[in-house]
Amino acid sequence: MLRQKALKILLSENKKITDKAVSACLPRMHAEWLQNYSDDIEDSKLLANIWGKGVMVFEYILPVQQVTQKELKQFRKKLNHSLGDYAENNDVAHLEGSPAFLISDLWFLAPSLHIEVAYISNQQTLDYLKDIKKLEK
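Attention here is on the structure that accompanies the text. If you're wondering where the values come from, they're calculated on a predicted model, not measured in any experiment.

**Observations regarding the overall build of the protein**
Along the backbone of the protein there are four helices and four strands. When the elements of the protein are put in sequence order from the N terminus, they spell out α-β-α-β-α-β-β-α. Radius of gyration (C-alpha) of the protein: 15 Å, near the 14 Å computed for a compact globule of 137 residues. Taking the principal axes of its C-alpha atoms as reference, the protein extends roughly 45 × 35 × 25 Å. Across the 137 residues of the protein, 43% fall into the buried class. Considering only intrachain contacts with a sequence separation of at least 6, the fraction spanning at least 24 residues in the protein is 68%.

**Description of helix α1 (residues 2-25)**
For α1, which comprises 24 residues, the first-to-last C-alpha distance of 35 Å matches the rise-based estimate of 34 Å (1.5 Å per residue) to within 8%. Every buried residue of α1 is accounted for by Leu7, Leu11, Asn14, Thr18, Asp19, Ala21, Val22, Ser23 and Cys25. Lining the buried residues of α1 we find β1 (45-46), β2 (57-63), α3 (69-89), β3 (101-109) and β4 (112-119).

**Focus: the nonpolar core**
With 32 residues, the main nonpolar core has Leu26, Phe75, Phe101 and Ile115 as its most contacted residues. Those elements giving two or more residues to this core turn out to be α1, β2, α3, β3 and β4. Examining the composition of this core, we find that six residues originate from one element, α3, more than from any other. Core analysis: the second largest hydrophobic core is formed by nine residues, Leu47, Ile120, Leu126 and Tyr128 among them.

**A closer look at a positive patch on the surface**
Where like charges cluster on the molecular surface, the positive patch consists of Lys130, Lys133, Lys134 and Lys137. Residue placement: lysine 134 occurs in helix α4 (residues 123-136).

**Some details on the pattern of salt bridges**
Taken as a whole and judged by the stated rule, the model has two salt bridges. In this structure, the salt-bridge partner of lysine 15 is aspartate 19, at a minimum N-O distance of 2.7 Å. Taken as a pair, lysine 15 and aspartate 19 lie in helix α1 at a separation of four residues, close to a single helical turn. Overall, the relative accessible area of 22% leaves lysine 15 in the partly exposed class. Taking the relative accessible area as the measure of exposure, aspartate 19 reaches 5% and is therefore buried.

**A few points about the sheet that holds β1**
Pairing is antiparallel across the open sheet formed by four strands, whose spatial order is β1-β2-β4-β3. Each edge of the open sheet is held by one strand with a lone partner, namely β1 and β3. Bridge analysis of β3 against β4 gives eight bridges, and the strand direction is antiparallel. Directly across from phenylalanine 108, in β4, lies its bridge partner leucine 113. Against the sheet, α1 makes contact with β1, β2, β3 and β4, and its axis sits at roughly 40° relative to β2, the strand it touches most. Sheet contacts for α3: β3 and β4; angle to β3, the most-contacted strand, approximately 150°.

Rules and cut-offs
- Residues numbered from 1 in each chain as written.
- Predicted model: local features only at pLDDT ≥ 70, side-chain atom pairs only at ≥ 80, totals over all residues.
- Heavy atoms only, no water.
- Helix = DSSP H or I, 4+ residues; strand = E, 2+ residues; numbered from the N terminus.
- Rg over C-alpha atoms; globule rule 2.2 N^0.38 Å.
- Buried < 20%, exposed > 50% of the residue type's maximum accessible area, 1.4 Å probe, protein only.
- Contact = heavy atoms within 4.5 Å.
- Expected span 1.5 Å × (residues − 1).
- Core = buried A, V, L, I, M, F, W, Y, C linked by side-chain atoms within 4.5 Å.
- Patch = residues over 30% accessible without salt bridge, like charges linked within 9 Å, V, L, I, M, F, W, Y side chains within 5 Å.
- Areas by Shrake-Rupley, 256 points an atom, 1.4 Å probe, with all protein chains shown as cover.
- Salt bridge = Lys/Arg side-chain N within 4 Å of Asp/Glu carboxyl O.
- Lys, Arg positive; Asp, Glu negative; His and termini not counted.
- Charge placed at Lys NZ, Arg CZ, Asp CG, Glu CD.
- Pairing = 2+ DSSP bridges.
- Axes fitted to C-alpha atoms, helices over the stretch in contact; angles between N-to-C directions.

What follows is the structure, encoded as structure tokens:
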């Protein structure tokens, strides 16, 4: 029971850290197609219930009318870079040898852009990312 409570607290804190990072980085993207979202993002969804306990991956759903695959690829690269800069500039704690944040998935399903951001604060999240990479091959 104590372990469950500690995990819940950790998930809540890591969600706040990730939400703050994403909120800080999205305005820097300067994508015309990404206009109608709140700058203060707090409604992310945790994916841990699907993948297991301790996986720190949060999904953000933003309103977008249309976006191309090329734009998504560039956006993913720029957002990963921006999240990396944010983590470095704000001393975000993370698993050594890994970036603090990494976009694990990104897709467009009209009328929404779905962004899954992993906060690599533990081994479970790193293992999840490795599993996803294997599935994509």
